[in-house]
Structures are given as C-alpha cells and as structure tokens.
Amino acid sequence: MTSRKPQLRIGLIGTGFMGKTHVFGFAAASRVFDLPYDIVLHSVADRTDELAVAAARGLGFAKSSGDWRRLVADGEIDVIDITTPNALHKEIALAAISAGKHVYCEKPLTAWASDAREMADAAEAAGVKTQVGFNYLCNPMMALARDLIASGELGEIRLYRGIHAEDYMMDPASPFTFRHDPAGGGALADIGSHALATAEYLLGPIARVMGDCVTVYDRRPDGHGGFRAVEVDDVGRAFLRFTNGASGSIEASWISTGRKMQHDFEIHGTKGALFFTQERFNELHFYSMADAAGRRGFRRIEAGPDHDPYGRFCVAPGHQLGFNDLKTIEVARFLDCLAGKRPEPFNFRAGARVQALVEAIHDSSRRSQWVEIP
Ligand code: NAD
C-alpha cells in the first residue's frame, strides 16, 4: 500500500555521537508520533567517502558522500541536519539556507553571537525553518516544571540555581578536541548553553549576568607527541538576574569528576519549590506551601502518560523515557513546524539568544563586572 503522506528527505552531515542520536530520533519518531511526513534517510556525509559509506550502511541512508557540499547541492534533499563539530555549523548552515533547505543544527549554533545572529538572519530572509538541538527542553518533566511556575503554584519566583556538569574533560591527558578550539567555544558554550536555555525556558529572560570563566588545563596533548594551548574555559559560572526579579546562578563544567550528566535546577518561590536532576530525568520534585503544616516536604512526581508526550512512548507510568526519546520528541516537533502545525520550537533566533548570553558571560568574566543583556 502506498503512503499518502508527503516525503521529507533528510541529508545528515556528521555521524558521530549526535549523528546517531538524530537517526534514532528520525527512526523512532515515525513510529511513536503521527508525523505529517514520511521520513526518508536520503543521504549522509562525513569527512571521507569511506566514513560516509560505512555510516550509510550502518544508519540506513540511501546515498553517501565524503563532501557535505554535495548534500547541500542535491535538489532532492529537503532538510540538512548538521551534527558536525561546532566550527563547521555556520558554513554548512549558511550554504544549506542559500540552497533553500530547512536546517536542523546541533547546539551550540556557533562560538560567537554575531555568527549565530547571521545564521538566524539568513534563515529568516530565506524563509526556511530551523531547529537547534536543545533536546533537554523536550523532556515532559521540564514542561511540567514550566507549567507549575506559569500557573503560580510556586508563587513569585525568588531563586534559581542551574548546573550542567560532566567529567569528559577531567583528565588533563585527554587530547585536544574540536571542543577546545576557540571556534568550539569551551565548556560554557558546549554545555553551559544547555543550562542557559533551560534557565530561560523556565523563568523567562535573563536581564544581567556576572560571569567567572576559568581555564583549568591550559594545554592538551595534540595526538602527535606534543601539546596544543587551550584558551577556552573548562568551567563557566555566572550570577544571573532575571527580568521577573529572580536572582540566580548557572554553572557549566566538563571537569566535574564523577558527574556524567548533571543537568539540574532548583527553583524557590514564595509558595513552593522545584528540584530536578537529569540523572533521574523522569522525576520532578515539588514542594508546596499549600500542603498542611507538618506534612510538607518535596514530593517526587514520576513521569507518566499524564505528561504529554510520555504516553506516546509507553502507556504505563514510571517506566521511564531515555535520552534518545528526547531527540525523538525534538524531531517530531520540528516536523510539525515544517508542516505549519506549530511555530518553530527552538529556531536559530532562539539559538542566537543563547549564544548572546554565553558571550555576555565571557565578556563579564574578562571585565569582572555585570553585563546587561540587550
Ligand atoms: P562527534 O565527534 O562524535 O561527531 C562529529 C562527526 O562529524 C563525526 O562523524 C566527524 O567525522 C564528522 N565530521 C567532522 N568534520 C566533518 C566534515 N568536514 N564533514 C562532514 N562530517 C564531519 O561529535 P558529537 O559529540 O556528535 O558532537 C557533534 C555536535 O553535536 C556538536 O555541535 C556538539 O556540541 C553537539 N552535541 C549535542 C548534544 C546534545 O545533547 N544536544 C550532545 C553531544 C554533542
């Protein structure tokens, strides 16, 4: 039987950790959601023909190339999906936009806010749709936290504490990678971008920042017996003032020994509080002053079908979503937006906003003073 849905042909560029996660997302989204398109894994590109051929075979793409420009030039491809190192995002995205493709790009958009703005401007001028991979915002428990805040159940928000800490760079003997390149951005851009996106998703705009960014290991092995100097931060922190009057902080670190995925937040309001940790991301802890005296305490709310779209994955509460499921939700939302069923969930303009915050924190750290966010 032939499908009556239009096809959406994907060209994936980069096939490492995120490339595979995006393919999980495309494959599962077709089965979990009622998508407006039939997804076609059309072409894949990586650094060499050999890598691309192997990726096409392993991930299920029809065609492959060792040159990403061939995908951008291919008139059959509708969406260019970028999961390459950060330094390549801008060049590939701008080429794809000028070829009239929709673009799905991993975070951070770029290391520099002006480049990110240029990408957003280009997409808007061309009328193509864009999506940045801030997958943690697709967690139904994150939406529940935002709903609890918006409904006033926490009262006026006074305090925010956010962190994204991992330990994949804690060993000084681990080599220089694209993440250490100034065009990679450092820990604040790499994972602090997630913490900043979450902070604004929950509490709204940040008005001012006071940053402190530190390079702990100023050189890394270059893989050829020598060393390369590292200029980017291993740890980036900032005090924050939100426009709603709340004060807070975020911390980003990739040298936090023992932490594998600490994307956490704690929020305190006049009527309640929330605590969330990505290490147990199917749970949200909620404290309410509406509970009777003597009965108050953080209650643990477990994800279930009441928290849309959990029920699409599993009918039973408490059975838990996984990391790849967040990407699946992200893919489904992007496809709905391409079909005109919803606005862009997190477009290049939103990605450029995060980058502006990252840059303001770097700037503040260099100058040791508060910086206003435009
Ligand atoms: P990775 O090193 O695992 O994969 C990068 C891929 O790009 C590799 O396959 C590499 O060969 C390929 N590549 C390099 N140069 C290329 C070129 N010129 N043409 C085509 N392909 C090329 O890296 P990763 O961890 O997958 O990170 C990729 C991107 O995803 C980064 O922007 C990173 O910040 C982002 N990321 C996002 C998340 C998230 O949770 N959203 C998690 C990890 C990484």
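Bear in mind that the values here come from a model prediction, so they are computed numbers and not experimental data. For every chain, the first residue of the written sequence is number 1, and numbering continues from 1 along that sequence. A pLDDT threshold of at least 70 governs which residues receive local features in this predicted model, and a stricter bar of 80 or more applies before side-chain atom pairs are shown or counted, although totals over entire chains, interfaces and linings include all residues. With hydrogens and water excluded, all non-hydrogen atoms of the structure serve as input to the side-chain values.

1. So, the site of the ligand
Argument step 1. To be near a molecule or strand, a residue needs just one of its heavy atoms within 4 Å of it. Not every one of the 27 residues close to the ligand is listed here, only the nearest: Met18, Asp46, Asn86, Lys107 and Asn135.
Argument step 2. Any pair of nitrogen or oxygen atoms within 3.5 Å is treated as a polar contact; in protein, a donor-acceptor pairing is required on top of that, and neighbouring residues in sequence qualify only through side-chain atoms on both sides. At a separation of 3.1 Å, an oxygen atom of the ligand approaches a polar backbone atom of Gly16.
Argument step 3. Contact between the ligand and Phe17: an oxygen atom at 3.0 Å from a main-chain N or O atom of the residue.
Argument step 4. Where the shell around the ligand is concerned, the elements lending two or more residues are helix H1 (17-32), helix H7 (186-203) and helix H9 (323-338).
Argument step 5. In this classification, the charged set is Asp, Glu, Lys and Arg, the nonpolar set is Ala, Val, Leu, Ile, Met, Phe, Trp, Tyr, Cys and Pro, and all remaining amino acids, among them Gly, are polar. Of the residues assigned to the shell around the ligand, the class counts are 10 nonpolar, 10 polar and seven charged. Runs of E in the DSSP output that reach at least two residues are strands. Runs of H or I that reach at least four are helices, and both are numbered from the N terminus.

2. Side note on the domain arrangement of the protein chain
Argument step 1. In terms of domain boundaries, the protein chain breaks down into domain 1 (7-135) and domain 2 (140-280 + 282-317).
Argument step 2. Domain ranges listed in this record stem from an automatic or a database domain assignment. Placing a centre on the C-alpha atoms of domain 1 and another on those of domain 2 gives a separation of 26 Å.
Argument step 3. Residue contacts are counted whenever heavy atoms from the two residues lie within 4.5 Å of one another. Taken together, the contact between domain 1 and domain 2 spans 13 residues of the former and 13 residues of the latter.
Argument step 4. Put simply, buried area is the surface a 1.4 Å probe can reach on two separate parts but cannot reach once they are joined, added for both. In total, about 1200 Å² of surface goes out of reach between domain 1 and domain 2, with carbon and sulfur atoms giving 68% of it.
Argument step 5. Contact with domain 2 buries area across many residues of domain 1, yet Val32, Asn86 and Phe134 alone supply 36% of it, more than any other trio.

3. Digging into H7
Argument step 1. With 18 residues, H7 should reach 26 Å at 1.5 Å per residue; the first-to-last C-alpha distance of 25 Å fits that figure.
Argument step 2. Axes are fitted to the seven residues ending at a residue and to the seven starting at it; the angle between these axes is taken as the bend at that residue. Gly192 marks where H7 bends most, by close to 50 degrees.
Argument step 3. Residue exposure (1.4 Å probe, protein chains only): buried if accessible area is under 20% of the type maximum, exposed if over 50%, otherwise partly exposed. With 18 of 18 residues buried, H7 is to be regarded as a mostly interior element.
Argument step 4. Once H7 ends, the next one or two residues include Gly204, with phi positive near 90 degrees. An expected span of 1.5 Å times one less than the residue number is assigned to each helix.

4. Side note on the environment of Asp336
Argument step 1. By the secondary structure assignment, Asp336 is in helix H9.
Argument step 2. Considered as a pair, Asp336 and Pro36 are 300 residues apart in the sequence and their alpha carbons are 6.5 Å apart.
Argument step 3. Sequence-distant contacts of Asp336, that is, excluding residues within four places in its chain, are made with Pro36, Lys341 and Arg342.

5. Digging into unusual backbone geometry
Argument step 1. For the peptide bond that leads from Lys107 to Pro108, omega is -20 degrees, which places it in the cis range.
Argument step 2. Tracing the backbone through its elements, the reader meets Pro108 in the loop between strand S5 (102-105) and helix H5 (113-126).
Argument step 3. A cis amide bond links Asp308 to the next residue, Pro309, at an omega of 5 degrees.
Argument step 4. Positioned with a positive phi, Gln320 is a non-glycine residue whose angle comes to about 80 degrees.
Argument step 5. Take Gln320: it is sitting in the loop between helix H8 (310-313) and H9.
Argument step 6. The partly exposed category is assigned to Gln320, whose relative accessible area is 46%.

6. Some words on the nonpolar core
Argument step 1. Leu202, Ile250, Phe265, Ile267, Leu274 and Phe348 are the most contacted members of the largest nonpolar core, which has 109 residues in total.
Argument step 2. For this core, the element with the highest residue contribution is H7, accounting for 11 residues.
Argument step 3. Both of domain 1 (7-135) and domain 2 (140-280 + 282-317) provide at least three residues apiece to this core.
Argument step 4. Sequence-distant contacts of Ile250, that is, excluding residues within four places in its chain, are made with Tyr160, Gly162, Leu188, Ala195, Leu196, Ala199, Gly236, Arg237, Ala238, Leu240 and Ile361. The term nonpolar core refers to a set of buried residues drawn from Ala, Val, Leu, Ile, Met, Phe, Trp, Tyr and Cys, joined through side-chain atoms within 4.5 Å.

7. Things to note about the environment of Ser368
Argument step 1. For Ser368, the position within the fold is in the loop between helix H10 (348-367) and strand S17 (371-372).
Argument step 2. Note: C-alpha distance between Ser368 and Met210 (158 residues apart in sequence) is 7.5 Å.

8. Points about empty space enclosed by the protein
Argument step 1. For cavity detection a 1 Å grid was placed over the protein atoms alone, and a set of points counts as a cavity when a 1.4 Å probe fits there but cannot get out; an open set counts as a pocket when protein lies on both sides within 12 Å along at least five of seven lines, with lining residues being those that have an atom within 4 Å of a point. Grid points are joined across faces, edges and corners, and a volume is the space filled by probe spheres set on the points. Per the counting criterion, the structure on display carries one cavity of 30 Å³ or more.
Argument step 2. Quantified by volume, the largest cavity comes out at close to 30 Å³.
Argument step 3. Along the walls of the largest cavity sit Tyr160, Gly162, Ile163, Ala195, Thr198, His263, Asp264 and Phe265, which together make up its complete lining.
Argument step 4. When residues of the lining of the largest cavity are traced back to their parent elements, those giving at least two are strand S7 (157-165), H7 and strand S13 (262-269).
Argument step 5. In terms of residue class, the lining of the largest cavity is made up of four nonpolar, three polar and one charged.

9. Considering the sheet that holds S5
Argument step 1. Taken in spatial order, the six strands line up as S3-S2-S1-S4-S5-S6 in an open sheet, and their pairing is parallel. The open sheet terminates on both sides in strands that have one partner only, identified here as strand S3 (63-65) and strand S6 (130-132). On average, adjacent strands in this sheet sit at an angle of 20 degrees to one another, irrespective of strand direction.
Argument step 2. For two strands to pair, DSSP has to find at least two bridges joining them. Two strands pair when backbone bridges link them, and strand S1 (residues 7-13) and strand S2 (residues 38-45) are joined in this way by seven bridges, in the parallel orientation. Note that in S2 the partner of Leu8 across the bridge is Ile39.
Argument step 3. Here an angle of 0 to 180 degrees is reported between the N-to-C directions of two axes, which are lines fitted to C-alpha atoms, with helices fitted over the stretch in contact. Across the sheet, helix H4 (residues 89-98) lies against S1, strand S4 (79-82) and S5, angled at about 180 degrees from S4, the strand it touches most.

10. Some details on the pattern of salt bridges
Argument step 1. Criterion for a salt bridge: a side-chain nitrogen of Lys or Arg within 4 Å of a carboxyl oxygen of Asp or Glu. As enumerated under the stated definition, the model contains 27 salt bridges in all.
Argument step 2. A salt bridge links Arg349 to Asp121, with the shortest nitrogen-to-oxygen separation between them at 2.6 Å. One end of the pair, Arg349, is in helix H10; the other, Asp121, is in helix H5, and 228 residues separate them in sequence.
Argument step 3. Here Glu330 makes a salt bridge to Lys327, at a shortest N to O gap of 2.9 Å. On the criterion of helical spacing, the pair formed by Glu330 and Lys327 is a turn pair, its members being three residues apart in helix H9. For the pair formed by Glu330 and Lys327, the shared burial category is buried.
Argument step 4. Within this structure, Arg280, Glu283, Arg300 and Glu302 form a network of salt bridges that share partners.

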